[in-house]
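Secondary and tertiary structure notes
Here is what each chain is made of, one letter per residue.
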Amino acid sequence: MGVSAERTWLDGLRLYVEKAPLAALALGISSGFPYAMIGGTLASRLAQSGIDKKTVTAFSLALLVYSFKPLWSWIVDGVRLPILGRLGQRVSWLLLAGALVMAAVANLALTNPSASITSVVTAAILVGAAGATFDIVIDAYRIEILEPRQLGVGAGMSQYGWRIGSAGAGALALVIAARGGWQLAYLACACFALPAMLAGLIVGEPERHREPVARKGVARALEAIWRPLVQFFTRPGALVILAFILIHKIGDTLANLTFRLLFNDLKFTNDEIAFYDVGLGFWAYLIGIFVGGAAYARMGMKRSVLLSLVLMAVSNLSFAGLAAAGHSNLGMAGAIGFENFASGFGGVAVVAYFSALCELRFTAAQYALISAAAGILGRVVTGTTAGALIEAMGYVNFYLFTTLIALPGVVLFWWMIRTGMVDRSIGSAGVTEGDEG
């Protein structure tokens, strides 16, 4: 019994060194860096150029481009590229999108904030659009190169890569900018697009990729617009699945935005916040990803997703405890560590489930829709109510409330398991070829 269990866990760990999960790591690295280029890195560049704070913070709106990627995601499924298309639908788009990101980042590098802030705005939006397109292709390619048994580990490796790409590009930009200027820094960081492009050339076109439609030309593209939606919403329980996608992380999202407010009100110093929230939190998140991938392979999709939902809900209680305890380094370490571990674990399991929902003919369009829907409700609720709720309820009751509103997502998924809806909701991306039918 013990030997069998040990082998099962070892088999789960071996998944991390298989070709497809390693490719997912490279894809994640390239996915993470454009976000950093128009996030914290651009804010540092503008601030050092003497741009006022209101203008600097307004540039975060460029990140909203990522929320609109479903509007053009169908193009990646339905439009065949000339010449490059000979390499395959996914590989050709991976190379084109990567080249567009590199060009957009280079364009941003060559703009001068002091001379024309308008040109920087335009350049930042172009990086956002190119980065979102790169994300669409990367997600579709990742899902299609992974076998169903690898979806959990592949999601974990992709998130590892995203953290490496975003943090690595951000750090590299600061180091180079201090020595050679911001133009050189951005041009150097453009090379972070290469890991995904090389992964595509090495791994090649996914064997699981399927053509969305048999038609050619304009008819093919038009059909690629509506068929992904029709296919998703005609499957059993589509509205229930959509409800789960919308609400599953609302409590976690609502709580996350307020952590720095809590730390400030509890009089934690910048050094303490940096050590615990940035340092300890980073490693706890990586550990959560690793454990989540191994658990997914060991426990299966349904149990690992349900466990992750419970962990993410309960993690908010730790901040209620911290708020009640006051300034406590031990309390902060426990709250930050648990929350980031739960987020890492949950990210693997839930992303794997969302990946499995996709139909292989429409991977790009459907995953873009699912990923956008997964965050939109939480962002809207957070941006409109979090501050007011804290003022009205206080921190302790607020975090108890965020735990409470996370429970419907847990209960809904439990019900979906009991009724068999989770199994019926799986698309062809989550089914092995011999089991399809």
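The structure presented is a predicted model; accordingly, all values stated were derived computationally and were not measured.

What counts, and at which threshold
- Residues numbered from 1 in each chain as written.
- Predicted model: local features only at pLDDT ≥ 70, side-chain atom pairs only at ≥ 80, totals over all residues.
- Heavy atoms only, no water.
- Salt bridge = Lys/Arg side-chain N within 4 Å of Asp/Glu carboxyl O.
- Helix = DSSP H or I, 4+ residues; strand = E, 2+ residues; numbered from the N terminus.
- Buried < 20%, exposed > 50% of the residue type's maximum accessible area, 1.4 Å probe, protein only.
- 1 Å grid on protein atoms, 1.4 Å probe; cavity = no way out; pocket = protein on both sides within 12 Å on 5 of 7 lines; lining within 4 Å.
- Points joined across faces, edges and corners; volume = space filled by probe spheres on them.
- Contact = heavy atoms within 4.5 Å.
- Axes fitted to C-alpha atoms, helices over the stretch in contact; angles between N-to-C directions.
- Parallel < 35°, antiparallel > 145°, perpendicular 65-115°, else oblique.
- Nonpolar A, V, L, I, M, F, W, Y, C, P; charged D, E, K, R; others polar.
- Polar contact = N/O pair within 3.5 Å; in protein donor to acceptor, adjacent residues only side chain to side chain.

To continue, consider the pattern of salt bridges. Any two side chains of opposite charge can pair, so long as their charged atoms come close to each other. Scanning all chains against the criterion turns up seven salt bridges. Its salt-bridge partner being aspartate 139, residue arginine 142 comes within 3.6 Å of it at the nearest N-O pair. Highlighted residues: arginine 142 and aspartate 139, both in helix H7 (residues 117-145), separated by three residues, approximately one helical turn. Residue aspartate 139 is classed as buried on the basis of its relative accessible area of 14%. For the salt bridge of arginine 361 with glutamate 359, the shortest nitrogen-to-oxygen distance reads 3.2 Å. Arginine 361 sits in the partly exposed class, given a relative accessible area of 23%. Through salt bridges with shared partners, a single network forms among Glu18, Glu147 and Arg149.

Here the focus is empty space enclosed by the protein. A complete count under the given rule lists one cavity of 30 Å³ or more for this structure. Empty space within the largest cavity amounts to approximately 60 Å³. Forming the boundary of the largest cavity are His248, Lys249, Gly251, Asp252, Leu309, Met312, Ala313, Asn316, Ala406 and Val410. Listing elements by their share of the lining of the largest cavity, those giving two or more residues are helix H13 (250-256), helix H16 (301-325) and helix H19 (395-418). Among the elements that take part in the lining of the largest cavity, H16 stands out by supplying four residues, more than any other.

Glancing now at the side chain of serine 355. Its location among the elements puts serine 355 in helix H17 (residues 329-356). Apart from residues no more than four positions distant in its own chain, serine 355 is found in contact with Arg142, Ile143, Leu151, Tyr367 and Ala429.

Angle between the axes and distance between the axes are the two parameters that describe a pair of packed helices. Axis separation between helix H2 (residues 19-37) and H7 bottoms out at 9 Å; the angle between their running directions is 170 degrees. Classified by the angle between their axes, H2 and H7 sit roughly antiparallel to one another. Of H7, the residues touching H2 (which contributes Ala20, Ala23, Ala24, Leu27, Ser30, Ser31 and Pro34) are Val127, Gly131, Phe134, Asp135, Ile138, Tyr141, Arg142 and Ile145. Its residues assigned to classes, the contact of H2 with H7 comprises ten nonpolar, three polar and two charged.

Let's shift gears to the side chain of serine 73. Structurally, the position occupied by serine 73 is in helix H5 (residues 73-78). Classification of serine 73 by relative accessible area gives buried; the value is 1%. In terms of polar contacts, serine 73 uses its side chain to reach the backbone carbonyl oxygen of proline 70, at 3.1 Å. Discounting chain neighbours no more than four positions away, the residues touching serine 73 are Ile136, Ala364, Ala365 and Ala368.

Another aspect to go through is the layout of surface pockets. By volume, the second largest pocket amounts to about 460 Å³. What lines the second largest pocket is a set of 21 residues, and nearest its centre among them are Glu144, Ile145, Glu147, Glu207 and Arg208. Of all the elements in the fold, those that place two or more residues in the lining of the second largest pocket are H2 and H7. Of the residues in the lining of the second largest pocket, the class split is seven nonpolar, three polar and eleven charged.

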